[in-house]
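Here are the chains, one letter per residue:
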Amino acid sequence: IIYSCSNAVTRFLLRDIGIKKEKVITIPNSIDVDSFSIKINKEEKLRELGLQNNLKIVGTVCRLHEPKKGVKILLEAAKKIQDKINFQLIIVGTGKDEKTLKSIAGKQHINARFLGEREDVREILQLIDIFVLSSFYEGLPVSILEAMSARIPVVATNIGGIKEVVINEKTGFLVEPGDSNALAEKIKELLENRKMRKNFGEAGFKRVGENFSIDKTVDRIESLWKGAVK
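This one's a predicted model, so the numbers in the text were calculated from it and none came from an experiment. (Residues numbered from 1 in each chain as written. Predicted model: local features only at pLDDT ≥ 70, side-chain atom pairs only at ≥ 80, totals over all residues. Heavy atoms only, no water.)

Student: Kindly report on the overall build of the protein, identifying the contributing residues and their values.
Tutor: Counting secondary structure elements, the protein contains 10 helices and eight strands. Taking 2.2 N^0.38 as the reference for a compact globule, 230 residues should give roughly 17 Å; the C-alpha atoms of the protein span a radius of gyration of 18 Å, in line with that estimate. Overall, the protein is about 60 × 35 × 30 Å in size when its C-alpha atoms are taken along their principal axes. Evaluated residue by residue, the protein yields a buried proportion of 49% over its 230 residues. Here the analysis covers contacts within the protein between residues at least 6 apart in sequence; of these, 66% occur between residues at least 24 apart. Accessible surface computed for the protein: about 12000 Å², of which carbon and sulfur atoms make up 48%. (Helix = DSSP H or I, 4+ residues; strand = E, 2+ residues; numbered from the N terminus. Rg over C-alpha atoms; globule rule 2.2 N^0.38 Å. Buried < 20%, exposed > 50% of the residue type's maximum accessible area, 1.4 Å probe, protein only. Contact = heavy atoms within 4.5 Å. Areas by Shrake-Rupley, 256 points an atom, 1.4 Å probe, with all protein chains shown as cover.)

This is the structure we're talking about:
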């Protein structure tokens, strides 16, 4: 039996790999939702990371692998709106394209900070006002589940398992991959609308708790194994 992390991955395994339907079981990725509801000293954390305390923060957490993760598209989107609305972009993660992406941000004078690999992602999420994942393909990214568990509204690409988690115009916005104009527009819309950010964040928290909590996944796996033993 193969465990698939999303319906999108299941379809890929059946259609493109040719695995038999009875050999695949879809069990979505999940997380400990409650572990992302933490309180921190935000001013102290901002100082530690070298961030300004009077600017909204747009952030992502991902491997810096292009073109898969679409960080270049995120930088393009940030460039399009940074003269219209003041904010700071933070990018958490490392990867083979880190140097190239830093160079792009520097040459285009994008207000972006690359924080590298971090052990304090849960704390950093408490600072982020909008979470963005601009990937070109995904299974079901845990980073989005984590962001929604921290009550952060999401702007992401309408692909794979992402659209099984993010409900467009309810928990965030979905845009087509590679469309930096649409990405910029939706980030700007959220930056300008505090009420929308709050509503999307609360709806996202509720959705992850109801559908992607670790307890539900453990129960499903236990049931499957009990059935197999019988």
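Student: Account for the pattern of salt bridges, naming residues and giving values.
Tutor: Evaluation of the coordinates by the stated rule reveals 13 salt bridges. Between Lys96 and Asp97 there is a salt bridge; the shortest N-O distance is 2.7 Å. One salt-bridge network, held together by shared partners, links Lys45, Glu48, Arg118, Asp120 and Glu123. (Salt bridge = Lys/Arg side-chain N within 4 Å of Asp/Glu carboxyl O.)

Student: Tell me what's going on with the sheet that holds strand β3 (residues 56–61), and back it up with residues and numbers.
Tutor: Pairing is parallel across the open sheet formed by six strands, whose spatial order is β5-β4-β3-β6-β7-β8. Sheet topology places β5 (112–116) and β8 (172–175) at the edges, where each strand pairs with a single neighbour. Looking at each pair of strands side by side, their axes are set apart by 20 degrees on average, direction ignored. In terms of strand pairing, β3 meets strand β6 (residues 130–133) through two bridges, oriented parallel. Across the sheet, Val58 pairs through a bridge with Ile130, a residue of β6. (Pairing = 2+ DSSP bridges. Axes fitted to C-alpha atoms, helices over the stretch in contact; angles between N-to-C directions.)

Student: Before we move on, can you summarise helix α9 (residues 194–211) with the specific residues and values?
Tutor: Taking 1.5 Å as the rise per residue, α9 with 18 residues should run 26 Å; its terminal C-alpha atoms sit 26 Å apart, in good agreement. Burial in α9 covers these residues: Met196, Arg197, Phe200, Gly201, Ala203, Gly204, Phe205 and Val208. Structurally, α9 contributes buried residues whose contacts are with β3, β6, α6 (142–149), β8 and α8 (180–191). The opening residue of α9 is Asn193, an N-cap whose side-chain oxygen sits 3.3 Å from the backbone nitrogen of Lys195. (Expected span 1.5 Å × (residues − 1). Polar contact = N/O pair within 3.5 Å; in protein donor to acceptor, adjacent residues only side chain to side chain.)

Student: Please give an account of the layout of surface pockets that cites residues and values.
Tutor: A volume near 770 Å³ is recorded for the largest pocket. As for the largest pocket, its lining consists of 30 residues, of which Lys42, Gln126, Ile128, Asp129 and Arg151 are closest to the centre. Looking at the lining of the largest pocket, the elements with two or more residues in it are α2 (42–49), β3 and α9. With five residues, α9 is the largest single contributor of residues to the lining of the largest pocket. Grouping the amino acids of the lining of the largest pocket by side-chain chemistry returns 12 nonpolar, eight polar and 10 charged. (1 Å grid on protein atoms, 1.4 Å probe; cavity = no way out; pocket = protein on both sides within 12 Å on 5 of 7 lines; lining within 4 Å. Points joined across faces, edges and corners; volume = space filled by probe spheres on them. Nonpolar A, V, L, I, M, F, W, Y, C, P; charged D, E, K, R; others polar.)

Student: Could you give an account of the packing of helix α3 (residues 71–81) against α8, with specific residues and numbers?
Tutor: Packing of α3 against α8 brings their axes to within 8 Å, and their N-to-C directions diverge by 60 degrees. Relative to α8, α3 is oriented oblique. Our pair here, α3 against α8, has a crossing hand that is right-handed. Residues Ile73, Leu74, Glu76, Ala77, Lys80 and Ile81 of α3 pack against Ser180, Asn181, Leu183, Ala184, Ile187, Lys188 and Leu191 of α8. (Parallel < 35°, antiparallel > 145°, perpendicular 65-115°, else oblique. Left-handed = near helix turned anticlockwise from the far one by under 90°.)

Student: Give a detailed account of the packing of aromatic side chains, specifying residues and quantitative values.
Tutor: Tallying each qualifying case throughout the model produces one aromatic pair. Taken together, a centroid distance of 5.3 Å and an interplanar angle of 80 degrees make the contact between Phe173 and Phe200 edge-to-face. In this pair, Phe173 sits in strand β8 while Phe200 sits in helix α9, placing the two residues 27 residues apart along the sequence. Among the residues examined, Phe200 registers a relative accessible area of 7% and is labelled buried. Stacked on the ring of Phe205, the Lys or Arg Arg151 has its end atom at 3.6 Å from the ring centre. Directly above the aromatic system of Phe173 lies the positively charged group of Lys186, at a separation of 4.5 Å from the ring centroid. (Phe/Tyr/Trp six-rings, centres within 6.5 Å; stacked < 30°, edge-to-face > 60°. Lys NZ or Arg CZ within 6 Å of the ring centre and 35° of its normal.)

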